[in-house]
Amino acid sequence: ALADPEGPRAAALRDALSHAECSSPHFLSYTDLGRDVGALRSVLPQDAILRIDSPGRSVEAQAAMLNRGYGLGPGCTTTPERVLALCQRKGLLVNSAQWYRGFTAILSDISALLEGRPDVASTASPEAIATLFDKTSTHALLRDDGIPVPPLVGNPQCYDDLDSMMTASGHNRVFVKLRYGSGASGIVALERSGSRIQAWTTVECVREGGEVELFNTRKIVRLRELEPIVTLVDALCKHEVHVERWVPKAGFQGCTFDIRHLVVAGAPAHAVLRMSKSPITNLHLRNERAPVESIHDRFPAGAWDGVEATCRQVAALFPENLHVALDIAISPDFRRHWVLEVNAFGDLIHDCLWRGKTPCDLQVAHLYGTMGSHV
C-alpha cells in the first residue's frame, strides 16, 4: 500500500485485512517513493495488489511532492532549500501547482513501473488519480459525458478577472477552489448583490515581509469587506483556481447539506450527509453529519434513483479505479442534483456501514472476489 504508514487510512486498511483474516500489508511512504521509484519496485512481490492511497498530511510527503515538482512548469519555482521549512509551518499553503506537478510526476513513475509488471494489479489508475486531482479537467470530463455539474465560471488570474467573469456569466454566487486542492484547502464561497459582497472561507491571510501568505484552518470565517476579499482571491489565483457557480443546496435540520457518496466496483455504497450552517460542508471542519436514509422520503419518485445512476455513470469514467468518492449537491426541491467533486480517495468515512461493512471492508471483499487473494 502506498500511503502514510502512520495515518488513519493505513489503520483502516490494516483493520479490514484483519477482519478478512489476511496478513497485514506492506506500506511504502510517498517520502520514500519521491526519493526513488525503485523503492516500490523492490517491495512488490509476484502477483501483488497495489493500493495507491492519499499522501495524507505528512510534512515529509508534502515536501517530497514539492521537490519533485520543482522546475516542472510555470511558477514551479519553490526551491528544495526552502521547501521543508515552508512545509513545517502548520497550515501554510505552499505552491499547490508545483505540488500537483510533483505528485503527477510520481504517479507517472508508478504507471511506468506497472507497465513493466503485468502481474501486479493496482486498485486505481495513476492517470485517473492525476485527472481527479485537477478540478478543471475533471469538470470538463463530467460535463462532456452529460453528468450534471455546476456551470463553469472560469480560471481567473486575479480578483478583477473573476469579477469580469461573474458579470459575463451572470453568476453572482460562486465557489472559488484551488484547481489542484482537496479537503476544502483554499476554498472560498463568494456572493455579491449590487455593491454588497461577502465571502466564507477556511483561509487566513497573513502579510509577511510585504507578501501575502495563506494558511488553511479548520475555522470557517465570513468576510464582508471588499479589500480583504480581493487580497484573498488575488493570493489564491497565484496557485491556480477553478471557479464554478454556487448551486443552491437542500436543507435538513436547520443546515444546508451535500452528500459524500462512495462508489465501489461501479456500484453506489456508503453515503453520508455533510451538514453545515455555512456554505462549506467538509466534515473535518467540525460540521455535522447524518445518515443519508434521513432524507430518502423527501425525494420525489425516481429522484434518488437518478442520484445513484449518476454515481454509476461517474464511476464508469474511471473503470480502473476500485472506488471513487463523489460530493453531490441536492436542489432545495430534491428534484435535481449536481456533482460538486469527484475524489480519487475520499473513502475514509467514519462510523458508516453499508451492508454491514466499512468502506475498507467492502473494498477488501471486492479485491478477494475479483482480483485474487494475494495482498
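Since we're looking at a predicted model, the values are computed, not measured.

Asker: Would you mind going over empty space enclosed by the protein in detail, with residue names and values included?
Answerer: Enumeration over the complete set of coordinates arrives at 2 cavities of 30 Å³ or more. Volume-wise, the largest cavity comes out at about 100 Å³. If you trace the largest cavity, you find it lined by L132, K135, T138, H139, L142, V149, H242, E244, V339, L340, E341 and V342. Broken down by secondary-structure element, the contributors of at least two residues to the lining of the largest cavity are α8 (135–144), β8 (241–245) and β14 (337–343). The residue inventory of the lining of the largest cavity, partitioned by class, reads 6 nonpolar, 3 polar and 3 charged. When its volume is computed, the second largest cavity comes out at roughly 50 Å³. R51, I52, T123, A124, L322, H323, A344 and F345 together form the lining of the second largest cavity. Class assignment for the residues of the lining of the second largest cavity results in 5 nonpolar, 2 polar and 1 charged.

Asker: Kindly report on the sheet that holds strand β3 (residues 152–154), identifying the contributing residues and their values.
Answerer: In spatial order, the strands read β3-β8-β4-β5-β6-β7; together these 6 strands make up an open sheet with antiparallel pairing. Lying at the two open borders of the sheet, with one neighbouring strand each, are β3 and β7 (211–223). Along the sheet, successive strands turn relative to each other by an average axial angle of 35°, direction set aside. Sheet analysis places strand β5 (residues 188–193) next to strand β6 (residues 196–208), joined by 6 bridges and oriented antiparallel. By the bridge assignment, V188 is partnered in β6 with T201.

Asker: Which residues make up the nonpolar core, and what values do they have?
Answerer: Within the largest apolar cluster, 70 residues are counted, with the highest numbers of intra-cluster contacts made by I110 and F257. Considering every element that reaches this core, the biggest residue donor is helix α6 (residues 96–115), with 9 residues. In this structure, F257 is in contact with K249, A250, G251, F252, L273, R274, M275, I295, I330 and F334, ignoring residues within four places of it in sequence. If you look at the next biggest cluster of nonpolar residues, it comprises 23 residues, including M166, L232, L236 and V243.

Cut-offs and rules
- Along each chain, residue indices are assigned from 1 in the same order as the chain's sequence is written.
- In keeping with the predicted nature of the model, local features appear solely for residues at pLDDT of at least 70, side-chain atom pairs appear and are counted solely at 80 or more, and the whole-chain, interface and lining totals rest on all residues.
- Excluding hydrogens and water, the side-chain values take into account all heavy atoms of the structure.
- Cavities and pockets were defined on a 1 Å grid built over protein atoms only: a cavity is a set of grid points that admits a 1.4 Å probe from which the probe cannot escape, a pocket is an open set flanked by protein on both sides within 12 Å along at least five of seven lines, and lining residues are those with an atom within 4 Å of any such point.
- Grid points are joined across faces, edges and corners, and a volume is the space filled by probe spheres set on the points.
- Runs of H or I in DSSP of at least four residues are treated as helices and runs of E of at least two as strands, each being numbered from the N terminus.
- Ten residues, namely Ala, Val, Leu, Ile, Met, Phe, Trp, Tyr, Cys and Pro, are considered nonpolar, four, namely Asp, Glu, Lys and Arg, are considered charged, and the remaining ones, Gly among them, are considered polar.
- Strand pairing is assigned whenever DSSP detects at least two bridges linking the two strands.
- In this analysis an axis means a line fitted to C-alpha atoms, helices contributing only their contacting stretch, and an angle means the value between N-to-C directions, from 0 to 180 degrees.
- In plain words, nonpolar cores are sets of buried Ala, Val, Leu, Ile, Met, Phe, Trp, Tyr and Cys residues tied together by side-chain atoms within 4.5 Å.
- Throughout, exposure labels follow a simple rule: accessible area from a 1.4 Å probe, protein chains only, divided by the maximum for the residue type, with under 20% read as buried, over 50% as exposed, and the rest as partly exposed.
- Throughout, a contact is declared for two residues whenever any of their heavy atoms are within 4.5 Å.

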